[in-house]
Amino acid sequence: MTLIDYLNQLQAAAPTPVPNPGSGEAPPGVGVKILTVLRWVAYLATTACVGGVLYTAAKMAISHRRGDDTNVSQLGWVFAACVLIGSASSLVSALI
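Below: a short report on this structure. Numbers given for residues are sequential positions, taken from 1 along each chain in its written order. Side-chain atom pairs in this predicted model are given and counted only at pLDDT of 80 or more, local residue features only at pLDDT of at least 70, and totals for whole chains, interfaces and linings cover all residues. For the side-chain quantities, the full set of heavy atoms in the structure was used; hydrogens and water were omitted.

**Some points on the packing of helix α2 (residues 31–66) against helix α3 (residues 72–86)**
Okay, step 1: Only the contacting stretch of a helix is used when fitting its axis, a line to C-alpha atoms as for every element, and angles between N-to-C directions run 0 to 180 degrees. Secondary structure counts use DSSP, requiring at least four H or I residues in a row for a helix and at least two E residues in a row for a strand, with both numbered from the N terminus. Their axes nearest at 10 Å, the elements α2 and α3 cross at an angle of 165 degrees. It follows from the interaxial angle that α2 and α3 lie roughly antiparallel. Relative to α3, the crossing made by α2 is left-handed. Seen from α2, the contacting residues are A45, T46, C49, G52, V53, Y55, T56, K59 and M60; seen from α3, they are V72, Q74, L75, V78, F79, A81, C82 and I85.
Okay, step 2: When residues are grouped by polarity, Ala, Val, Leu, Ile, Met, Phe, Trp, Tyr, Cys and Pro land in nonpolar, Asp, Glu, Lys and Arg in charged, and all others, Gly among them, in polar. Residues of the contact of α2 with α3, tallied by class, amount to 12 nonpolar, four polar and one charged. We call two directions roughly parallel when the angle between them is under 35 degrees, roughly antiparallel when it is over 145, roughly perpendicular when it lies between 65 and 115, and oblique otherwise. Handedness of each helix crossing follows the sense of rotation of the near helix against the far helix: counterclockwise by less than a right angle gives left-handed, clockwise gives right-handed. Note on definitions: a residue-residue contact is assigned when non-hydrogen atoms from the two residues lie within 4.5 Å.

**Regarding the state of the cysteines**
Okay, step 1: Only a pair of cysteine sulfur atoms within 2.5 Å counts as a disulfide in this structure description. The tally for this structure, following the rule as stated, stands at zero disulfides.
Okay, step 2: Considering cysteine sulfurs only, C82 is the nearest to C49, which forms no disulfide, with 3.5 Å between them.
Okay, step 3: Throughout, exposure labels follow a simple rule: accessible area from a 1.4 Å probe, protein chains only, divided by the maximum for the residue type, with under 20% read as buried, over 50% as exposed, and the rest as partly exposed. The exposure class of C49 is buried, given its relative accessible area of 10%.
Okay, step 4: When its relative accessible area of 25% is taken as the criterion, C82 is described as partly exposed.

This is how it looks when you write it as structure tokens:
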């Protein structure tokens, strides 16, 4: 008996089949509320990204005036966060 045959016998003998969690379904009346919350979170995250770019740009302008250019890496991290926030839905869809 091979391993595949053994696993098929176990599956056939199981009293209840294991559900496929790949495509879940929201409970009635909850799906719209969850989407609203996710839209709020996406809006706040986008606002934080814009604020982060503006704050970093202001720090870079002040530092450049003083002769220091150490905030360029901070701008890179802000841009990386922007890319992650912008592609969050696609990343999660690819992983599921």
